[in-house]
Amino acid sequence: MMRKLKNILITGGCGFIGSNFIRYLFAQPNFHGKVINLDELTYAGNLENLIDIANQYEGNRYFFIKGNICNFDLVKQIFQDYEVDTVVHFAAESHVDRSILGPADFIQTNINGTFTLLEAARVTWTEEKKNGCLFYHISTDEVYGSLGQTGFFSEDTPYRPNSPYSASKAASDHLVRAYYKTYGLPVIISNCTNNYGPYQFPEKLIPLTILNAFEGKPIPVYGKGENIRDWIYVEDHCEAVWLLLQKGKIGEQYNIGGANERRNIDVVRLICNLLDEIVGPLSSGPRENLITFVKDRPGHDFRYAMNIAKIKSTLGWRPKTEFKLGLTKTINWYLNHKDWVERIKSGEYQKWVETFYGETKHAF
Ligand code: NAD
Ligand code: DAU
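Residues numbered from 1 in each chain as written. Chains lettered and ligands numbered in written order. Predicted model: local features only at pLDDT ≥ 70, side-chain atom pairs only at ≥ 80, totals over all residues. Heavy atoms only, no water.

To continue, consider empty space enclosed by the protein. A probe matching the size of a water molecule, rolled over the atoms, marks out where space remains unfilled. Throughout the structure, instances matching the rule amount to one cavity of 30 Å³ or more. If you add up the space inside the largest cavity, you get close to 40 Å³. For the largest cavity, the full set of lining residues is V96, E142, S163, R229, R297, P298, G299, H300, D301 and Y304. Of the residues that constitute the lining of the largest cavity, the class distribution is three nonpolar, three polar and four charged. (1 Å grid on protein atoms, 1.4 Å probe; cavity = no way out; pocket = protein on both sides within 12 Å on 5 of 7 lines; lining within 4 Å. Points joined across faces, edges and corners; volume = space filled by probe spheres on them. Nonpolar A, V, L, I, M, F, W, Y, C, P; charged D, E, K, R; others polar.)

What follows concerns the sheet that holds strand β7 (residues 194-196). Read across the open sheet, the three strands follow the order β7-β9-β11; overall the sheet is mixed. Looking at strand neighbours, the two that pair on one side only are β7 and β11 (261-263), the edges of this open sheet. Between one strand axis and the next, the sheet turns by 50° as a mean value, whatever way the strands run. Sheet analysis places β7 next to strand β9 (residues 228-233), joined by three bridges and oriented parallel. In the sheet register, N194 faces β9, and the bridge partner there is W231. Docked against the sheet, helix α8 (residues 234-247) engages β7 and β9, running at close to 70° with respect to β9. (Pairing = 2+ DSSP bridges. Helix = DSSP H or I, 4+ residues; strand = E, 2+ residues; numbered from the N terminus. Axes fitted to C-alpha atoms, helices over the stretch in contact; angles between N-to-C directions. Contact = heavy atoms within 4.5 Å.)

It is worth spelling out helix α1 (residues 16-26) at this point. With respect to burial, α1 is a largely interior element, nine of its 11 residues being buried. For α1, the full list of buried residues reads F16, G18, S19, N20, F21, I22, Y24, L25 and F26. (Buried < 20%, exposed > 50% of the residue type's maximum accessible area, 1.4 Å probe, protein only.)

A word on the site of ligand 2. Within the structure, ligand 2 sits among 24 residues, and D141, Y165, N194, R297 and H300 are positioned closest to it. The separation between an oxygen atom of ligand 2 and a polar side-chain atom of E142 is 2.9 Å. Alone, ligand 2 offers 680 Å² of accessible surface; in the complex the protein occludes 94% of this. Among the elements of the structure, α7 (205-215) and β8 (219-222) are those that each provide at least two residues to the shell around ligand 2. (Near = heavy atom within 4 Å. Polar contact = N/O pair within 3.5 Å; in protein donor to acceptor, adjacent residues only side chain to side chain. Areas by Shrake-Rupley, 256 points an atom, 1.4 Å probe, with all protein chains shown as cover.)

A separate point is the site of ligand 1. Not every one of the 28 residues close to ligand 1 is listed here, only the nearest: I17, D39, S94, Y165 and K169. F16 is positioned such that a nitrogen or oxygen atom in its backbone is 3.0 Å from an oxygen atom of ligand 1. Within the side chain of S94, an N or O atom sits 2.7 Å from an oxygen atom of ligand 1. Mapped by element, the contributors of at least two residues to the shell around ligand 1 are α1, β5 (134-140), α6 (164-183) and β7. Here the residues of the shell around ligand 1 are counted per class, giving 12 nonpolar, 13 polar and three charged.

With that out of the way, let us pick up the packing of aromatic side chains. On inspection of all chains with the given rule, the structure shows 19 aromatic pairs. Ring geometry for F63 versus Y82: centroids 5.3 Å apart, planes at 55°, classification tilted. Of this pair, F63 sits in strand β3 (residues 62-66) while Y82 sits in the loop between α3 (72-81) and β4 (86-89); the two residues are 19 residues apart in sequence, bridging distant segments of the chain. Since its relative accessible area comes to 25%, Y82 is described here as partly exposed. Ring centres 6.1 Å apart and planes at 85° place the aromatic pair Y199 and W340 in the edge-to-face group. Taken together, the residues Y199 in the loop between β7 and α7 and W340 in helix α12 (residues 338-344) connect sequence positions 141 residues apart. Classification of Y199 as buried rests on a relative accessible area of 15%. Since its relative accessible area comes to 5%, W340 is described here as buried. Feature note: the residues F26, F31, Y57 and W242 constitute an aromatic cluster, connected by ring pairs. (Phe/Tyr/Trp six-rings, centres within 6.5 Å; stacked < 30°, edge-to-face > 60°.)

Here the focus is the layout of surface pockets. Estimates place the volume of the second largest pocket at around 300 Å³. Around the second largest pocket sit 16 residues that line it, and R177, I189, G251, E252 and Q253 are the ones nearest its centre. Those elements that provide at least two residues to the lining of the second largest pocket are α6 and β6 (187-192).

Here we take up the pattern of salt bridges. As enumerated under the stated definition, the model contains 15 salt bridges in all. In this structure, R263 and D266 form a salt bridge, with 2.9 Å as the shortest nitrogen-oxygen distance. By relative accessible area, D266 is classed as partly exposed at 31%. When salt bridges that share partners are traced, they join R98, E203 and K204 into one network. (Salt bridge = Lys/Arg side-chain N within 4 Å of Asp/Glu carboxyl O.)

See the structure below:
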C-alpha cells in the first residue's frame, strides 16, 4: 500500500541531505503535498541551498520556518497550524570531530531535539488522528560502532556508538523506538552510510579534499588513511527515503548503504587524480603530493559496512550511482559553485578550521 503524504514537516531541510531531499521530493511527479522546513540555520544550514525551491513554491507548497527543534511550543504550533501528518527528521549536529571538541550541542539537538519532536507528535497525533501519520527518523550507520576487516552491520546488530555524535544519534534512535513500542507512535528509522554530493558543508572529508586539492592546499588524512567508509551518492539516499516514506513498514528499521567501501586514502587519491584530469595538474605537480598525514581522530572507527538485504528485498531499492561518476559530478558541482563555497567560508567556518586544524599546523 502506498502512503499518501500531505503535510510533511522536514527538520534540518537547509543542511546537506535535507536540502537534497526537498529538491528530490519536489521533482517527484507523484508528490503533491506541502513541505514545512523547520531549520535553526546553524553554521551547517544555508537558506541558499533551497533558493530555487523557495522561488517556485514558497507560500504555496513550501514553507520555511527558522526555529529550533528543541522549542516544544513552536514545534507543537507547527503541527497544529500545518496539520502535519508526516515528519522527516534530518536536523542534527552531524560532524564527528566537532562532537569530540564540544559534545554539548550534540546532546541538546540530537537527543533533546528528537525528544521534543516525538512529544509534539504524541500529543498531536491522538488515537483518532494518528492513522496515516508517520514519524520518519534519519539516522546513521555509526550507531553500530566499528567493524574489523570483515563483516557487515545488519538491522539486528547491537548498538555500540564510539563518539559523542554517534552516542547522541543512538540515544535518539532508542527514543524513537520507545515511542513506537510504548505509545504506538507510527515510526520508521533508517540508518545510512557516508553520503557525498552537492551542498555538503566543506568540513567533511570529500568536499574538504576537493576544495583543498583544487586550491593547492594540504589535504589532511587522519592516521594512515586506512579507515574504511561506505560512500553513497546523496540522491540514492534520497530515493531510499522517498520509497520508505511511501511503502516502509511502521515500527521497522532499515539499513541504507552504497555497497561501496573505500579506504580514506584511496578516496583522497581518486579525487586528486580526477581533479588533475578535469582542470590539469598544479604547476608544482600532481595533487596527490598535497596529501598530509595528520594526528588520528580519537576513538576513530575503523570500518563501516552495511548489509542492505532488507531494503533490497522488501522495496527493490539499490544504490545506483557508480562512485567515480558520483565523484566527478560532485567535483564539477563544487567547481561551478565557487560563490557558494566562498559564502560558506564565513567567520564561523574559519574559526572552526583554525581551532581544529590549527593544532595540526595546516595552512587552510
Ligand atoms: P548537516 O549538518 O549538513 O545539516 C544539519 C541541518 O540541521 C542544518 O541545516 C542545521 O541548521 C539544522 N539544525 C541543526 N541543529 C538544529 C536545531 N536544533 N533545530 C533545527 N535545525 C537544526 O547534516 P547532514 O549531513 O545533512 O545530515 C542530516 C541527517 O542525516 C543527520 O541526522 C545525520 O545524523 C544523518 N546522516 C548523515 C550522514 C552523512 O553522511 N552526512 C549519513 C547518515 C546519516
Ligand atoms: O557514516 C555516516 C556518517 O558519516 C554520518 O553519520 C556523519 O554525520 C558524517 O559526518 C559522516 O561521518 P564520518 O566521520 O565518517 O565523516 P567525515 O567526512 O568527517 O570523515 C570521513 C573519514 O575521513 C573518517 O574516517 C575521518 C577521515 N577524515 C576526515 C576529515 C574531515 C580525514 O582523514 N581527514 C579529514 O580532514
